[in-house]
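# Observations on the three-dimensional arrangement
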Amino acid sequence: MYLYRKTLLSLFFFPAFIIFLSLNIVLSQGQSTPPLPSAPSALPSAIPSLPSSPVPPATPPAVPPAPPTAPPSSVRDDEEKSRVQISSDNLSGDDNKKMFRFWGNVNIRQKDGLLTSDEAVYNSKTKEAYANKNVKFTRPGTIITSDKVTVYYEEKRGIWEGNVHIVQEKNKKGDQPIKGGPVNLYCDSLEFFWEKPRKGTASGKVRVDQGDKHVSCDKATYTEDPQTILMENNVKLERDDGSWMTCDKMTLHVKEETVEGEGNVKGDFVVDKNKLE
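Keep in mind it's a predicted model, so treat the numbers as computed, not measured. (Residues numbered from 1 in each chain as written. Predicted model: local features only at pLDDT ≥ 70, side-chain atom pairs only at ≥ 80, totals over all residues. Heavy atoms only, no water.)

Of all residues in the protein chain, 66% attain a pLDDT of 70 or more, and the chain-wide mean is 75. Note on residues 1-18: pLDDT is under 50 here. Beyond four places in sequence and across chains, it has 45 contacts. (pLDDT = per-residue confidence, 0-100. Contact = heavy atoms within 4.5 Å.)

This is the structure we're talking about:
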């Protein structure tokens, strides 16, 4: 019975956990998605003229001013996080429509994250931005590719669309390899909300692979509070040893390490007697 229970946990929890890992990583990237900078609305109308008469010298202060102090490290960190660098072959803008377009080898960098695409557009009025064609986001340990990504800053929401593929090789901090090897997540679209409590939904031909573990379903939703993953429609968990399970719906409670399968639950498990304890 112990081995059977252990086999169930290995088959259910750990393959599903890699979905949690992937969605959680993407949500953390959402906070770093950089807005495209707006162009200035107008240039100065004239160069200021010099005074017509000499200005008397200022009386030196009795006490010399204190030297300027460096900003706190937290302020410097915030400035570094908010700094955006953008380059492209071409740029066009319409200040009346508040639309600015970059195209040709677009690179948008913020801290250690880099977004590249063939085209990027930012609407400073609606606070919406999108990048399309050969979209790729890289950060240490993480690669996300898709046909298009749209960010709605007022809603704190983003959507990756079309041939979404996430490769996660390191943990959230990007300093340690993921136990069990790289995680690959594929889906048609991935919607994320980065304001807490965060939420992410992968839809359409969802598949996650890690080593000998594979998960597939039509839709997977991760919520941060409480930490749960809901997999819906055509749920299937597999291992390369031939073990598998299918059901209509599965809920994974991350912290509790418990799982619930509902509707047409079926399975075939391969038990290694050499691992019997």
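Here we take up the pairing of strand E10 (residues 213-223). Here 10 bridges tie strand E9 (residues 199-210) to E10, and the two strands are oriented antiparallel to one another. Its bridge partner being in E10, Gln210 is matched across the sheet by Lys213. Where E10 meets strand E11 (residues 228-239), nine bridges bridge the pair, whose relative direction is antiparallel. Bridging from a neighbouring strand, Thr223 pairs with Thr228 of E11. Hairpin connection from E10 to E11: four residues lie between these consecutive antiparallel strands. (Pairing = 2+ DSSP bridges. Helix = DSSP H or I, 4+ residues; strand = E, 2+ residues; numbered from the N terminus.)

Right, let's talk about the pattern of salt bridges for a bit. Applying the stated criterion to the full structure yields 11 salt bridges. A salt bridge links Asp209 to Arg207, with the nearest nitrogen and oxygen atoms 3.2 Å apart. With a relative accessible area of 36%, Arg207 lands in the partly exposed category. The partner of Lys249 in a salt bridge is Glu262, with the nearest N and O atoms 4.0 Å apart. (Salt bridge = Lys/Arg side-chain N within 4 Å of Asp/Glu carboxyl O. Buried < 20%, exposed > 50% of the residue type's maximum accessible area, 1.4 Å probe, protein only.)

Core analysis: the largest hydrophobic core is formed by 41 residues, its most contacted members being Leu115, Trp160, Cys187, Leu190, Met231 and Met250. For this core, the leading source of residues is strand E8 (residues 183-193), giving five residues. Not counting the four nearest positions on each side in its chain, Leu115 is found in contact with Val106, Asn107, Ile108, Ala131, Val135, Lys136, Phe137 and Trp160. (Core = buried A, V, L, I, M, F, W, Y, C linked by side-chain atoms within 4.5 Å.)

On to the environment of Val254. Mapped onto the secondary structure, Val254 falls in the loop between strand E12 (244-253) and strand E13 (258-262). The exposure class of Val254 is buried, given its relative accessible area of 8%. The spatial distance from the C-alpha of Val254 to the C-alpha of Gln227 is 5.6 Å, given a sequence separation of 27 residues.

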